[in-house]
Amino acid sequence: MLDKVFNPNDIERKWTDTWTENHSFTPQSPGDGESYCIILPPPNVTGMLTIGHVLGTTVQDILVRWKRLRGYNVLWLAGTDHAGIATQKRVEKNLLERGVDLEAVSREQFLEECWKWKEKYHGRIVSQLNRLGASLDWSREKFTLDETVSSAVREVFVRLYEKGLIYRGNYMVNWCPSCETAISDEEVEFREMDGKLYYIAYPFTEGNGELVVATTRPETMLGDTGVAVGPDDPSAPDLKGKKVRLPLTGRDIPVIFDQAVDPEFGTGCLKITPAHDPTDFEIGRRHNLDEVVVIDRRGIMNEEAGEFAGLDRYQARERVLEALREKDLLRKVEDYRHSVGHHDRCGTVIEPAVSRQWFMKMEKLAAPAIEVVRDQEVNFFPERWKNIYLNWMENIRDWCISRQLWWGHRIPVWYCDECGELIVSRKAPGSCPECGGEPVQDEDVLDTWFSSWLWTFSPMGWPEETDDLRTFHPTDVLVTGGDIIFFWVARMIMASLEFMDEVPFSSVYITGIVRDEKGRKMSKSLGNSPDPIDIIDRYGADALRFSLMKLSPPGQDILFDEKKVEVGRHFANKIWNASRLVLSKGVIGSVKEANERSEIPEGDITALFRALFSRDLPETAEYSWEDRWILSRLAFRMEEVDRFIEKYRFDEAVSAAYDFFWHEYCDWYLEFSKNRFSGGGAGARGCAVTARTVLGLSMVMLHPVMPFITEEIWNMLSYTDVTLAENTMKLSLDGFRDREIEDDLTVVIEAVTAIRNLKQTFNLPGSEGVRVIMNFKEDSELLSRLPAYRSQICEQAGIEELEITRGAGKPAKCVTSGHLDFEIYLPLDRIADVDGEIARIESKRDKLQSDLKKIEARLENRQFLEKAPEEVVARERERMEEMKVLARRMESTLRDLR
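Since this is a predicted model, take the numbers as computed values, not measurements.

Considering a negative patch on the surface
Then, in step 1: Taken together, the side chains of Glu307, Glu318, Glu322 and Glu326 define an acidic patch exposed on the protein surface.
Then, in step 2: Of note, Glu326 is situated in helix 8 (residues 313–326).

A look at the sheet that holds strand 2 (residues 73–80)
Then, in step 1: Pairing is parallel across the open sheet formed by 3 strands, whose spatial order is 1-2-3. This sheet does not close on itself; its edge strands, each paired only once, are strand 1 (35–39) and strand 3 (137–143). Here the average twist between neighbouring strands, direction ignored, is 30°.
Then, in step 2: Where strand 2 meets strand 3, 3 bridges bridge the pair, whose relative direction is parallel. Paired with Leu77 across the two strands is Asp137, which belongs to strand 3.
Then, in step 3: Contacts from helix 4 (residues 107–132) reach strand 2 and strand 3 within the one sheet, and its direction differs from that of strand 3 by about 145°.

Brief notes about the confidence of the model for the chain
Then, in step 1: Per-residue confidence for the chain averages 91 on the pLDDT scale, and 98% of its residues sit at or above 70.
Then, in step 2: Note on residues 590–598: pLDDT under 50 across the span, and 19 contacts to partners over four residues away in sequence or across chains.

Section: the sheet that holds strand 7 (residues 210–215)
Then, in step 1: Here we have 3 strands laid out as an open sheet, ordered 7-6-12, and antiparallel in their pairing. For this open sheet the edge positions go to strand 7 and strand 12 (330–343), each flanked by a neighbour on one side alone. Mean inter-strand twist for the sheet, computed between neighbouring axes without regard to direction, equals 20°.
Then, in step 2: Pairing analysis gives 13 bridges linking strand 6 (residues 188–203) to strand 12, with the strands arranged antiparallel. Bridge pairing in strand 12 links Leu197 to Glu334.

Structural notes on the environment of Val770
Then, in step 1: The residue Val770 is located in the loop between helix 23 (739–761) and strand 25 (771–776) in this model.
Then, in step 2: Judged by its relative accessible area of 2%, Val770 is buried.
Then, in step 3: Spatially, the C-alpha atom of Val770 lies 6.6 Å from that of Glu801, the residues being 31 residues apart in sequence.
Then, in step 4: Ignoring sequence-local partners within four residues, the contact set of Val770 consists of Ile799, Glu800, Glu801, Leu826 and Ile831.

Structural notes on the packing of aromatic side chains
Then, in step 1: Tallying each qualifying case throughout the model produces 45 aromatic pairs.
Then, in step 2: Between the aromatic rings of Trp115 and Trp407, the centroid separation amounts to 5.3 Å while the plane-to-plane angle is 80°, which identifies the pairing as edge-to-face. Placement of Trp115 in helix 4 and of Trp407 in the loop between strand 16 (402–403) and strand 17 (413–416) is noted, with a sequence separation of 292 residues between them.
Then, in step 3: Trp115 gets classed as partly exposed once you look at its relative accessible area, which sits at 34%.
Then, in step 4: You can call Trp407 buried: its relative accessible area is 1%.
Then, in step 5: One aromatic cluster is present, built from ring pairs that chain together Phe157, Tyr161, Trp358, Trp399, Phe450, Trp453, Phe457, Trp462 and Phe499.

The rules behind the values
Residues numbered from 1 in each chain as written. Predicted model: local features only at pLDDT ≥ 70, side-chain atom pairs only at ≥ 80, totals over all residues. Heavy atoms only, no water. Patch = residues over 30% accessible without salt bridge, like charges linked within 9 Å, V, L, I, M, F, W, Y side chains within 5 Å. Areas by Shrake-Rupley, 256 points an atom, 1.4 Å probe, with all protein chains shown as cover. Salt bridge = Lys/Arg side-chain N within 4 Å of Asp/Glu carboxyl O. Lys, Arg positive; Asp, Glu negative; His and termini not counted. Charge placed at Lys NZ, Arg CZ, Asp CG, Glu CD. Helix = DSSP H or I, 4+ residues; strand = E, 2+ residues; numbered from the N terminus. Pairing = 2+ DSSP bridges. Axes fitted to C-alpha atoms, helices over the stretch in contact; angles between N-to-C directions. Contact = heavy atoms within 4.5 Å. pLDDT = per-residue confidence, 0-100. Buried < 20%, exposed > 50% of the residue type's maximum accessible area, 1.4 Å probe, protein only. Phe/Tyr/Trp six-rings, centres within 6.5 Å; stacked < 30°, edge-to-face > 60°.

See the structure below:
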């Protein structure tokens, strides 16, 4: 029997241990049944779960548990990511806190510290995923630096190099002075910032005159090697062959002409700093300008900056401006709002820099990845992400894949210092193939995403042809956030098409962003990101999962507040208490030797019970209309939930299951049946059989969302060794649909609800003397069937008498409730003080009208409309409309009573 009080944490530990011991989530390859596979977006091995992780993980778990219940051979592949920059920075910080001099640490020593860090924190993320109930196959878990994955990474690098798609060269890159590494375009986050536009005079070297240039970064002028003017500029003919003197340096630099110059920016003259600006770099290459580097890898001015050497780039800016003012070369300064690139990891302002890096040509890889999305071989949910994906892919740029780090996949390239030979190899060469010298491996590592883009196939053993690859690739759906659609989703599609000759998945489901109640993205820096494990400790994993799903329309952002998890906790308690009631009604018979789930005669509840629980009934059971109705509704709801999950409409699936269990099953079926429950005999057994059957199938329906409580209740119901997580439910309930009885009960429930509301309005708690007329339209087909439910309507509504009529007139002094097929008349003359009620309602109406006039006056006040916040004005308008509706309702009631 279930405990009186629901304790989610005890149940969670119990079933997590059971599933682990049973290897419940480890599929076979090859295995029985159709395969279904999802890969977990590998979390950072040193990271912690956020509410955003919980959202994405819950969506994936719903899908895989749902498919297992339907007999699929399911693999949810577990893995963790080495997170190059993030982990390296964490380890460096840890070493500094321990008083270690980083300059004295060798590469080997540092990597040893990284592996220790990984082993220390790897268990934390695994434990957190288990606490959430994630049904991952940990037996196949891969880490992005495991040898099998590393082997695949080297194989891919070599193949792409041999195809001419990987190359090395000096090009403009995004440099992070804090992390001291190049990063890709996709790792740059642009933020709108208030800055200044400085107008600086560059005197001509011959004669009088000057060119004035505008710049937001005066410190970079020390590396200028030219000034550009548009070829169509009116002054262009007079400037041909001219040179200007670069202020503060004494260098003479040429005036050049280039179409890239924007005549609307500044003065139309553009200072050219090829080593520190992407546009200038392209212009400089076209005009063979020198690339003078004045800012080093730490964001410090170098010796080329002359007297400003050794200053931080921002300190240098102020000193340069002071020097320009002293020489009377700063013409003016304007406020200027512009977009500034920041490293998305550490928030440091990016320094564009020319650097020798490894790059990958993307255009040829992108072409087939564009076609498979256009041809709907890969589909995005919500669909709007398709256009975002295509727009980026059609304008794709080469990928800078090298990083100046130690933690990561070291680039499989070696250099011979003796002859200069460059060797690209899957394995370390013993000697130089050209001269026999000793090769030295490239110091850099690959971008973290270079291993992640292979993640649908490298963890399954590629490049070997393994059983897992044959069974589970391509995978079925990728669940991820829109913020990594370019980092990961697009690149995975390209990689799979290139190396597997097939798409990596057929569907991409993009989750929304979890925000706080103020609309801010949750982050630790803002202090608005709660620890999910703390929430699980307080409310339970099922409550958190359920609440998040109920809050999340497909692809839309979620406004999360911990208080909203109360909805899930209340629902879990409702499930628990209803289950305790149903389990207290004993109908358990002997265990059947065979499960006959495929052989259920249409509408045979006893056969359904036997098939579901593999048990015989001890005695005959008799069934009533309540039983047929709730099974019909269950059949509809289970099909509805399936349909919603199939379409990735998880909020609607959760709402449908919630409405069925709380309202149809608990509020109505169990209430309808309470007299039969306690009556004894075949009727009571029929009621108990139905209640258990519906409870069991409700647990099946809810299991993907709330795995722990449903497993516990299922175990109490089924008395078998097979957990719900390992079960297969291919039961068809089509034969239990009864649309006529559903139509009847829709009317019954509407009538009961309407009568209850009217009684509450007029404070009529008892049933004595309460007579109600249920008046049907002339053409209603329900009139002949409703008398069969008369006694239940009276009992549930708390009335003494129900008269069912057709086309009757409304009696005097009665209140009404109108519906599609009928009206409810509740005469008050013999059971209430009608005059007193009229006076009470008139008093409330008068006060309402007075309040309404005040709101209307406020909304006609121009000062209020101009000064009040928009949300306040909107709230007042909403109040006004609600009050108007209430006023009309009161007037209608008064007319009925007079």
